[in-house]
Amino acid sequence: MSYVAAVCGKGAEVNQVKEQLLQSNPVLEAFGNAKTVRNDNSSRFGKYMDIEFDFKGDPLGGVISNYLLEKSRVVKQPRGERNFHVFYQLLSGASEELLEKLKLERDFSRYNYLSLDSAKVNGVDDAANFRTVRNAMQIVGFMDHEAEAVLEVVAAVLKLGNIEFKPESRVNGLDESKIKDKNELKEICELTAIDQSVLERAFSFRTVEAKQEKVSTTLNVAQAYYARDALAKNLYSRLFSWLVNRINESIKAQTKVRKKVMGVLDIYGFEIFEDNSFEQFIINYCNEKLQQIFIELTLKEEQEEYIREDIEWTHIDYFNNAIICDLIENNTNGILAMLDEECLRPGTVTDDTFLEKLNQVCATHQHFESRMSRCSRFLNDTTLPHSCFRIQHYAGKVLYQVEGFVDKNNDLLYRDLSQAMWKAGHTLIKSLFPEGNPAKINLKRPPTAGSQFKASVATLMRNLQTKNPNYIRCIKPNDKKAAHIFSEALVCHQIRYLGLLENVRVRRAGYAFRQAYEPCLERYKMLCKQTWPHWRGPARAGVEVLFNELEIPVEEYSFGRSKIFIRNPRTLFKLEDLRKQRLEDLATLIQKIYRGWKCRTHFLLMRRSQIVVAAWFRRFAQRKRYQQTKRSALVIQSYIRGWKARKILRELKHQKRCEEAATTIAAYWHGTQVRREYRKFFRANAGKKIYEFTIQRIVQKYFLEMKSKMPSLSPIDKNWPSRPYLFLDSTHKELKRIFHLWRCKKYRDQFTDQQKLIYEEKLEASELFKDKKALYPSSVGQPFQGAYLEINKNPKYKKLKDAIEEKIIIAEVVNKINRANGKSTSRIFLLTNNNLLLADQKSGQIKSEVPLVDVTKVSMSSQNDGFFAIHLKEGSEAASKGDFLFSSDHLIEMATKLYRTTLSQTRQKLNIEISDEFLVQFRQDKVCVKFIQGNQKNGSVPTCKRKNNRLLEVAVP
């Protein structure tokens, strides 16, 4: 994949596809790889990827298929091996905040599912690998919440291993299990958003449903541990399948154009360990199938092709491992069929009963060996334990321990656990267990692990048979993983069981190259004059003519029914060299013809151009000759006319001289008069000209000096250069005025519409209150905010906000003076485009609503206080309770905004009365209260005079 990424094209879209294809590998390696006893980074799953290319050879995307993740490694690892990499990478590379969020600790010894004797590996930086995986997930296309959900599932799997059970007896004598420490269970439920009681019950009870009956039984400690481990394995296995599907969504090709596909198969190799279990049996079965397809495509298919094409051929014997594949996958008496039959039959089923059945069914098979089989030749074989069976694979004999075969093939997850996972609030976990949905209960037993793998291997084989395969055979030189050591016996053994010897024999005896007649003739037809450029007869006859023309020895090729067979590669290389040379000759011929056509075209163009140029030049030359003749005729004519004119002039010469003398005398006299008048005019106007010139120079100098002495563009800058001469005073002042107006305009142009509105309000406030209200100077520096309470953001005023549909211009807390006792009450003062509202500060309930058309006047004193009165129109509904008297810290802003809003809505200016004495009529008490200036300090509460429990007078500070 790295090679493909290096040699294909460039571009933003192509580079993105390449990066996604490459970065899918670190993600799958982290979740599907583990360290084995050989200290290898071994893939514990099979992977097949179809990489799709366009017509240019650039990758468009890909599709990944995975096979048999070794999920038993999640809960148990062989000695000296690690669990999957992602567990160690998460604990080593995650930040403290992430670990705290996932409820994990960095110490490996805290988790029962992790192998501690090989947790740390020399030369492996798990923290750096974790960062690589996170970056790869981001490049592939995982969203942040998806990556976080994946890590939460990994953390839940780790913490499942820490749940421990204790036995407990019930009254009816049945054993049941209880969780020792519920803290781990609580944290798992918090991670997965599952009800703790639901998951706890799923670990303690099992519900069996058959037709219309449901039976709930308790789980003992062993069954509870089995349920826990089954849940952990299923959770991790389904998470891995989800990762593969999610990566496929990101890397799949988006275009619908025709494309070519290259498949890359990266699958487990043949495994022979000290202890071989169900996983090794399945892996070796897959390798048997791959060896079978290798034999069919390289040995059997090739020899059959020679016979099919009527090529003279001597058959070469080879070992066909179809008998071993039949031993494992036969539907009636194969090992997988026997294992499924044992798993599905009623009664007591154990690994020993499975072995007994194998001893009965497969005892006579030549590639099956067992100590307890009916064949007496193994009774004295001490290398065969009683609980094992041995299969003679194509790569050698492998001894399998039957312990765990039935449980691993069952791969049973209790329905209670599936339903508990489906009830999770965690979206990813819920999607991993669709069978837990009560509405989709399926009483049918799920397929076994062996049958699932057998079906996926069959699909893989059908896919491989549609491709043109290329094999990479890796030969291990020694068992020590050391350099410069070559074990001849080990290498020969590998060459024999891989079928390479038979392959070499077939290649030596057969033909190195074969091709159908049509494409062969199409490729090499330019090497023969009779076949180039077109051959009208049959393709085989054309190939025969071609090979005869080239004088290729007869023993170097053979003619089949539909193909030409070439024995030695050097013959093919010779054909390719001749073709290459011929292509160069043809390219030279094409270049020669093209250059000739190009030169001929250029010559014809130059010739046409020369004719045009010659025609224009002849026209120009004739016109020039005509013009020269014409000029000569004119010269002759002019000389003749001159001779005639001179002759006439000589006759009139005397008379003309007399007339010229009289004219000369008159001109002299007239010139004398003109000079006399000029001298008189110059003496009268010379001083004025000099004065105007001097003034012009002074003004010019004044403007040039002004250019270098201009003040700053700030409107408040009052500096202005002094005038040099008194007569420029009016000009100097006018220039100052024009410059000030110009820089004011420049300054105003910098403001936004919002800033202009603010300054307009400030200007309006200045016109209303400057030199009238003592409180005005302190308000100049305060910005007008309007909405001081932030009603739109504060949830406290949500009810008030919903009740007001208009835009709020002012929202401020004011003190309303009570009519009855003169005390102040806090109210929310709200001003909208059409109304003035008062609301309770605590509850937000609207107390009063006054239309702006009913407001007639605003009264206030000229002192430094915040009291103001709002007068209402007599007879209006709002005026029934009397005028309002308020106290506010933002009096200037509120009065200004009220003035502008009223003017905008009613087209009438609101009367703002500023006086130290003003009246407010309380119509409810039918009295007039006179407010007069008092001597209280600023901000004090007004004093009230009362009589007969009625307010008479209020002193305003």
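> Run through the overall build of the chain, naming residues and quoting values.
Counting its regular elements, the chain contains 28 helices and 27 strands. Here the chain, with 957 residues, has 41% of them falling under the buried criterion. Nonlocal contacts in the chain, meaning residues at least 24 apart in sequence, comprise 61% of its contacts between residues at least 6 apart. Surface summary for the chain: the accessible area is close to 56700 Å², and the carbon and sulfur share equals 53%.

> Tell me about the packing of aromatic side chains, and please be specific about residues and values.
Across all of its chains, the model carries 25 aromatic pairs by this definition. Judged by centre distance (5.9 Å) and plane angle (35°), the rings of Tyr-594 and Trp-597 are tilted. Taken together, the positions of Tyr-594 and Trp-597, both in helix H22 (residues 569–651) and three residues apart, correspond to about one turn of that helix. For Trp-597, a relative accessible area of 47% translates into the label partly exposed. Here the aromatic residues Phe-278, Phe-281, Phe-354, Phe-368, Phe-389, Tyr-400 and Phe-405 are joined through ring pairs into a cluster of three or more. The aromatic ring of Tyr-88 is capped on one face by Arg-82, whose charged end is 4.2 Å from the ring centroid. Just above the ring of Trp-422 sits the side chain of Lys-430; from NZ or CZ to the centre is 4.5 Å.

> Account for the confidence of the model for the chain, with residues named and values stated.
Residues at a pLDDT of 70 or more form 87% of the chain, whose mean pLDDT is 80. In the model of the chain, strand E25 (residues 927–933) stands out as the element of lowest mean pLDDT, 39, in contrast to H22, which has the highest, 91. Predicted confidence for residues 944–957 stays below pLDDT 50, and this span has 51 contacts to residues more than four positions away or in other chains.

> I'd like a description of the environment of Asp-54, backed by residues and values.
For Asp-54, the location among the structural elements is in the loop between strand E3 (46–53) and strand E4 (59–67). Residues Asp-54 and Lys-259, 205 residues apart in the sequence, show an inter-C-alpha distance of 4.8 Å. A polar atom in the side chain of Asp-54 sits 2.8 Å from the backbone nitrogen of Asp-58.

> Any chance you could break down empty space enclosed by the protein for me, citing the residues and the numbers?
All chains considered together, the criterion is met by three cavities of 30 Å³ or more. Approximately 60 Å³ is the volume attributed to the largest cavity. Elements supplying a minimum of two residues to the lining of the largest cavity: helix H1 (2–7) and helix H2 (12–32). With three residues, the single largest contributor to the lining of the largest cavity is H2. For the lining of the largest cavity, a count of residues per class yields seven nonpolar, no polar and one charged.

> I'd like a description of the pattern of salt bridges, backed by residues and values.
The final tally for this structure, using the stated rule, is 32 salt bridges. We note a salt bridge from Asp-126 to Arg-82, for which the minimum N-O separation is 3.3 Å. One end of the pair, Asp-126, is in helix H5 (residues 126–140); the other, Arg-82, is in the loop between E4 and helix H3 (85–93), with 44 residues separating them in the sequence. By the burial criterion, Asp-126 is buried, and Arg-82 matches it. Notably, a salt bridge pairs Glu-105 with Arg-110, separated by 3.1 Å at the nearest N-O pair. According to the relative accessible area criterion, Arg-110 is partly exposed, its value standing at 33%.

> So, the nonpolar core: which residues are in play, and what are the values?
Residues Phe-31, Phe-87, Leu-160, Leu-199, Phe-203 and Tyr-236 are the most contacted members of the largest nonpolar core, which totals 81 residues. Beyond its immediate stretch of four places on either side in the chain, Tyr-236 contacts Ala-30, Phe-31, Leu-69, Val-74, Phe-84, Val-86, Phe-87 and Val-157.

> Tell me about the sheet that holds E4, and please be specific about residues and values.
Think of a sheet as strands paired side by side through backbone hydrogen bonds, with each pair either parallel or antiparallel. Taken together, three strands build an open sheet; the order of strands is E4-E3-E9 and the sheet is antiparallel. At either margin of the open sheet sits one strand with a lone partner, and together these are E4 and strand E9 (260–266). Between one strand axis and the next, the sheet turns by 15° as a mean value, whatever way the strands run. Inspection of the sheet shows E3 paired to E9 by seven bridges, in the antiparallel sense.

> Could you give an account of the pairing of strand E12 (residues 396–401), with specific residues and numbers?
Where strand E11 (residues 388–393) lies against E12, six bridges are found, and the strand directions are antiparallel. Looking across to E12, one finds that Arg-390 is bridged to Leu-399. Adjacent in sequence and paired antiparallel, E11 and E12 are bridged by two residues.

> Describe helix H25 (residues 753–769), naming the residues involved and giving the relevant values.
A rise of 1.5 Å per residue sets the reference length of H25, with its 17 residues, at 24 Å; its end C-alpha atoms lie 24 Å apart and thus fit the reference within 8%. Every buried residue of H25 is listed here: Glu-761, Lys-762, Glu-764, Ala-765, Ser-766, Leu-768 and Phe-769. A positive phi of about 65° marks Asp-771, the residue just after H25.

> Run through the sheet that holds strand E15 (residues 563–566), naming residues and quoting values.
The strand order across the open sheet formed by three strands is E13-E15-E14, and the pairing between neighbours is antiparallel. Of all strands in the sheet, those with a lone pairing partner are strand E13 (513–516) and strand E14 (557–559), marking the two edges. Adjacent strand axes in the sheet meet at a mean angle of 15°, parallel and antiparallel pairs treated alike. Where E14 lies against E15, three bridges are found, and the strand directions are antiparallel. Paired with Tyr-557 across the two strands is Ile-566, which belongs to E15. Of the strands in this sheet, E13, E14 and E15 are in contact with helix H20 (residues 517–524), which crosses E13 at around 100°.

> An account of unusual backbone geometry is needed here, citing residue identities and associated values.
The omega angle of the peptide bond from Trp-532 to Pro-533 is 5°, so this bond is cis rather than trans. Along the chain, Pro-533 turns up in the loop between H20 and helix H21 (539–550). Positive phi, normally seen in glycine, also occurs at Lys-103, with a value near 60°. Counting through the fold element by element, Lys-103 comes out in the loop between helix H4 (96–102) and H5. Residue Lys-103 is classed as partly exposed on the basis of its relative accessible area of 28%. For His-484, which is not glycine, the phi torsion reads 65° and is therefore positive. Mapped onto the elements of the fold, His-484 is located in the loop between helix H17 (449–465) and helix H18 (488–497).

> Requested: an account of the packing of H20 against H21, with residues and values cited.
Running from N to C, H20 and H21 point in directions that differ by 45°, and their axes come no closer than 9 Å. In terms of orientation, H20 and H21 fall into the oblique class. When you trace H20 past H21, the crossing you get is left-handed. Contacts between H20 and H21 involve Tyr-517, Glu-518, Leu-521 and Tyr-524 from the first element and Ala-539, Arg-540, Gly-542, Val-543 and Leu-546 from the second. When its residues are assigned to classes, the contact of H20 with H21 shows six nonpolar, one polar and two charged.

Definitions and limits used
Residues numbered from 1 in each chain as written. Predicted model: local features only at pLDDT ≥ 70, side-chain atom pairs only at ≥ 80, totals over all residues. Heavy atoms only, no water. Helix = DSSP H or I, 4+ residues; strand = E, 2+ residues; numbered from the N terminus. Buried < 20%, exposed > 50% of the residue type's maximum accessible area, 1.4 Å probe, protein only. Contact = heavy atoms within 4.5 Å. Areas by Shrake-Rupley, 256 points an atom, 1.4 Å probe, with all protein chains shown as cover. Phe/Tyr/Trp six-rings, centres within 6.5 Å; stacked < 30°, edge-to-face > 60°. Lys NZ or Arg CZ within 6 Å of the ring centre and 35° of its normal. pLDDT = per-residue confidence, 0-100. Polar contact = N/O pair within 3.5 Å; in protein donor to acceptor, adjacent residues only side chain to side chain. 1 Å grid on protein atoms, 1.4 Å probe; cavity = no way out; pocket = protein on both sides within 12 Å on 5 of 7 lines; lining within 4 Å. Points joined across faces, edges and corners; volume = space filled by probe spheres on them. Nonpolar A, V, L, I, M, F, W, Y, C, P; charged D, E, K, R; others polar. Salt bridge = Lys/Arg side-chain N within 4 Å of Asp/Glu carboxyl O. Core = buried A, V, L, I, M, F, W, Y, C linked by side-chain atoms within 4.5 Å. Pairing = 2+ DSSP bridges. Axes fitted to C-alpha atoms, helices over the stretch in contact; angles between N-to-C directions. Expected span 1.5 Å × (residues − 1). Parallel < 35°, antiparallel > 145°, perpendicular 65-115°, else oblique. Left-handed = near helix turned anticlockwise from the far one by under 90°.

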